[in-house]
Amino acid sequence: MTAVRVVLPAHLKNLAHVQGEVTLHLGGERDLEVTRQVLLDALESAYPVLRGTIRDHVTGKRRAFVRFYACQQDLSNEPADVPLPAAVVAGSEPFLIVGAMAGG
Amino acid sequence: MTRIRVLVGTRKGAFVLTSDGSRAKWEVSGPHFAGWEIYHLKGSPADPDRIYASQNTGWFGQLVQRSDDGGATWQPVGNDFTYATEPGTHLWYDGTPRPWEFKRVWHLEPSLSDPDEVWAGVEDAGLFRSRDGGATWTELTGLRTHSSGPGWQPGAGGLCLHTIILDPAHAGRMFAAISAAGTFRSDDHGETWRPVNRGLHDEGTLPEEEPEVGFCVHHVEMHPSRPDTLFMQKHWDVMRSDDAGETWREVSGNLPSDFGFPIGVHSHEPETIYVVPITSDSLHFPPDGRLRVYRSRTGGDEWEPLTRGLPQEHCYVNVYRDAMAVDSLEECGVYFGTTGGQVYVSPDAGDTWEAIARDLPAVLSVEVQTLA
């Protein structure tokens, strides 16, 4: 079992009625490779209201103005099936979902 | 005691304005969904405390919210607007094919009789229906897949289905309008559709004499007692049809400009209509900086300016297509909202106006409920 910490942007915290970080317990009794796909699947399973707000309903792709960061790295353009950094999987660093700076 | 509830969608949230029948003193609640664009809210005619709202941002996409207590509390419902068949292509601004892609819900039209049934008009143009209070949405593909679809081109605001009218007298008849494809009619509950644009003209822009589609219809309204009569504010031109859209004729008459977005119909006088003239397609503000609603008591052609209580100098706001509505009190109230954040009410059918709110975010939509 892995406890992964996720930080949502303010609008999605309000939508999901959460404060602070979200902790997702992944993997159950078997070893699980924690990828962004796995993390977002678990997040949307725990908070169904977030479906469609981070990833497109149809394509599953990251919405254009949503970015992913962890361990001071921009992971936004990493493939969804790449393992997340060990510190995220260990729960010592959070996975950040961020509304991109856009507009003027 | 009769009460009025005004549902206001803005660029930064929803607001609910309430008053008694005097319409003199208003309470404002909101913003609901602060920071999100609320393109439209509308209450169910069958259960006025059931309200649906379209919530969207470019960051996090589309949500639909539902209230079962008149807007006091809300719950998010379904937001999956996946086209039911292969989306295909429409024309992009440059004339090249572009795949259909869902962007947002422009308009929500609750059923006249069932609070759990609601229609959604979306961009890129498609028509969806929910029969479970918004939990799930199903596309009625007959409109998007009409044979003219590959030739539809977006207006400046996108390829949006912005108007849905449910005919209260003819079972199964409904109308939809799309910028910049035109007006469409269904006689089988939305299963199949045909364009109803004969008589519309976009001077200088269309290669054919009487094309089937290609018209930037901004808004269409119907009075429920005369379901064969439709009033339209087109990009340019104010139009009417008296045969359920089969043919249209221009009724712009003496308007200072026939460009505009909304059009409204008096709740008790089906030949009394309202528009807000805008200078031009490139100058989206009132002529001469004077905000004037124009009223026709003859179903068009002859118009009078209504100015009392509206700013008559230095006013450079716009009024969007879904941002005008009427109540059904004995003396009909008329309401509209502006891009400057003002919501105006006229409790006397347009003779005098007063601002209910002056500093809201830009207003995208206004709907009114008359509550017993």
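Every value quoted in this text rests on a predicted model; they were computed, and no experiment measured them.

Novice: When you look at the overall build of chain B in this model, what are you seeing that I'm missing?
Specialist: Along the backbone of chain B there are one helix and 30 strands. Here the C-alpha radius of gyration of chain B, 19 Å, is about what a compact globule of 372 residues would show, namely 21 Å. For the C-alpha atoms alone, the extent of chain B along its principal axes is close to 50 × 45 × 40 Å. By sequence separation, contacts in chain B at least 24 residues apart represent 50% of the contacts at least 6 residues apart.

Novice: How should the overall build of chain A be read in this particular structure?
Specialist: A count of helices and strands for chain A gives three helices and five strands. Its helices and strands in sequence order give chain A the pattern β-α-β-α-β-β-α-β, from N to C terminus. For chain A, the C-alpha radius of gyration of 13 Å lies close to 13 Å, the compact-globule estimate for 104 residues. Along the longest, intermediate and shortest principal axes, the C-alpha atoms of chain A span 45 × 30 × 25 Å. In chain A, buried positions account for 28% of the 104 residues. Across chain A, the fraction of contacts at a sequence separation of at least 24, relative to all contacts at a separation of at least 6, is 57%.

Novice: Would you explain helix α2 (residues 36-46) of chain A in this entry?
Specialist: Every α-helix carries 3.6 residues per turn, so stepping three or four residues along brings you back to the same face. Residues of α2 of chain A that are buried include every one of R36, V38, L39, L40, A42 and L43 of chain A, and no others. Where α2 of chain A is buried, its residues meet β1 (2-7), β2 (22-26), β3 (66-70) and β5 (95-99) of chain A.

Novice: Looking at this structure, how should I read the pairing of strand β12 (residues 126-130) of chain B?
Specialist: Working note: regular strand, side chains alternate between the two faces of the sheet. Residues and elements named next belong to chain B. The element β12 is largely enclosed, with a buried count of four among its five residues. Judged from the five bridges that link them, strand β11 (residues 118-123) and β12 form a sheet pairing that is antiparallel. Across the sheet, residue G121 finds its bridge partner in β12, namely L127. The sheet contact formed by β12 and strand β13 (residues 138-139) spans two bridges and is antiparallel.

Novice: Sorry, what's going on with the interface of chain A and chain B here?
Specialist: A common way to state how big an interface is: give the accessible area lost once the parts meet. Across the boundary between the two partners, chain A contributes 12 residues, which contact 10 residues of chain B. Per-element tally for the side of chain A that touches chain B: the top contributor is helix α1 (residues 10-16) of chain A, with three residues.

Novice: Would you mind going over the environment of A362 of chain B with me for this structure?
Specialist: Residues and elements named next belong to chain B. Within the secondary structure, A362 is located in the loop between β29 (354-357) and β30 (363-371). Owing to 17 C-beta atoms within 10 Å, A362 belongs among the partly exposed residues under this scheme. Residues in contact with A362, not counting those within four places in the same chain, are T10, R11, T339 and G341.

Novice: What is the right way to look at the environment of P211 of chain B in this model?
Specialist: Mapping P211 of chain B onto the fold places it in the loop between β17 (194-195) and β18 (217-222). When the C-alpha positions of P211 of chain B and L364 of chain B are compared, they lie 31 Å apart, and in sequence the two are 153 residues distant.

Novice: I tried to follow unusual backbone geometry on my own but got confused; where do I start?
Specialist: Residue and element names in this part refer to chain B. Following E123, the chain continues into D124 via a peptide bond in cis, with omega recorded as -5°. Positionally, D124 belongs in the loop between β11 and β12. In the Ramachandran plot, H189 falls in the positive-phi region, its phi being about 60° despite a non-glycine side chain. Phi at D237 is positive, roughly 90°, even though this residue is not glycine.

Novice: What's the story with the nonpolar core in this structure? I'm lost.
Specialist: Across soluble globular proteins, nonpolar side chains have a tendency to be buried as a group. Within the largest apolar cluster, 104 residues are counted, with the highest numbers of intra-cluster contacts made by V6, V8, A176, I178, Y335, V343 and V366 of chain B. Ignoring anything within four residues of it in the chain, the contact list for V6 of chain B reads L17, Y335, V343, V366 and V368 of chain B. In this structure, L40, F68, L75 and I97 of chain A belong to the second largest nonpolar core, which totals 26 residues.

Novice: For this particular structure, what's the right way to read the sheet that holds strand β1 (residues 3-10) of chain B?
Specialist: Adjacent strands of a sheet form backbone hydrogen bonds with each other and so pair up, either parallel or antiparallel. All names here are of chain B. Taken in spatial order, the four strands of this open sheet run β3-β2-β1-β30, and their pairing is antiparallel. Since the sheet does not close on itself, it has two edges, and those belong to β3 (27-32) and β30, each with one partner. Averaged over all pairs of adjacent strands, the angle between their axes in this sheet comes to 15°, without regard to strand direction.

Novice: Looking at this structure, I do not really get the sheet that holds strand β25 (residues 304-306) of chain B. What am I missing?
Specialist: Residues and elements named next belong to chain B. Read from one edge of the open sheet, four strands run β22-β23-β24-β25, paired in antiparallel fashion. Across the chains shown, the open sheet's two edge strands, defined by having one partner strand only, are β22 (263-265) and β25. Across the sheet, the axes of successive neighbouring strands diverge by a mean angle of 30°, strand direction being ignored. With three bridges joining them, β22 and strand β23 (residues 273-275) adopt antiparallel strand pairing. Its bridge partner being in β23, G264 is matched across the sheet by Y274.

Novice: What exactly am I supposed to notice about the confidence of the model for chain B here?
Specialist: When pLDDT drops low, the exact placement of atoms in the prediction is not to be read closely. Across chain B, the average pLDDT comes to 96, with 98% of residues at 70 or higher. Across the whole predicted complex the pTM is 0.95, and at the interface the ipTM reaches 0.90.

About the criteria used
Residues numbered from 1 in each chain as written. Chains lettered and ligands numbered in written order. Predicted model: local features only at pLDDT ≥ 70, side-chain atom pairs only at ≥ 80, totals over all residues. Helix = DSSP H or I, 4+ residues; strand = E, 2+ residues; numbered from the N terminus. Rg over C-alpha atoms; globule rule 2.2 N^0.38 Å. Contact = placed C-beta atoms within 7 Å. Buried ≥ 20, exposed ≤ 12 C-beta atoms within 10 Å, placed from the backbone. Pairing = 2+ DSSP bridges. Core = buried A, V, L, I, M, F, W, Y, C linked by C-beta atoms within 7 Å. Axes fitted to C-alpha atoms, helices over the stretch in contact; angles between N-to-C directions. pLDDT = per-residue confidence, 0-100.

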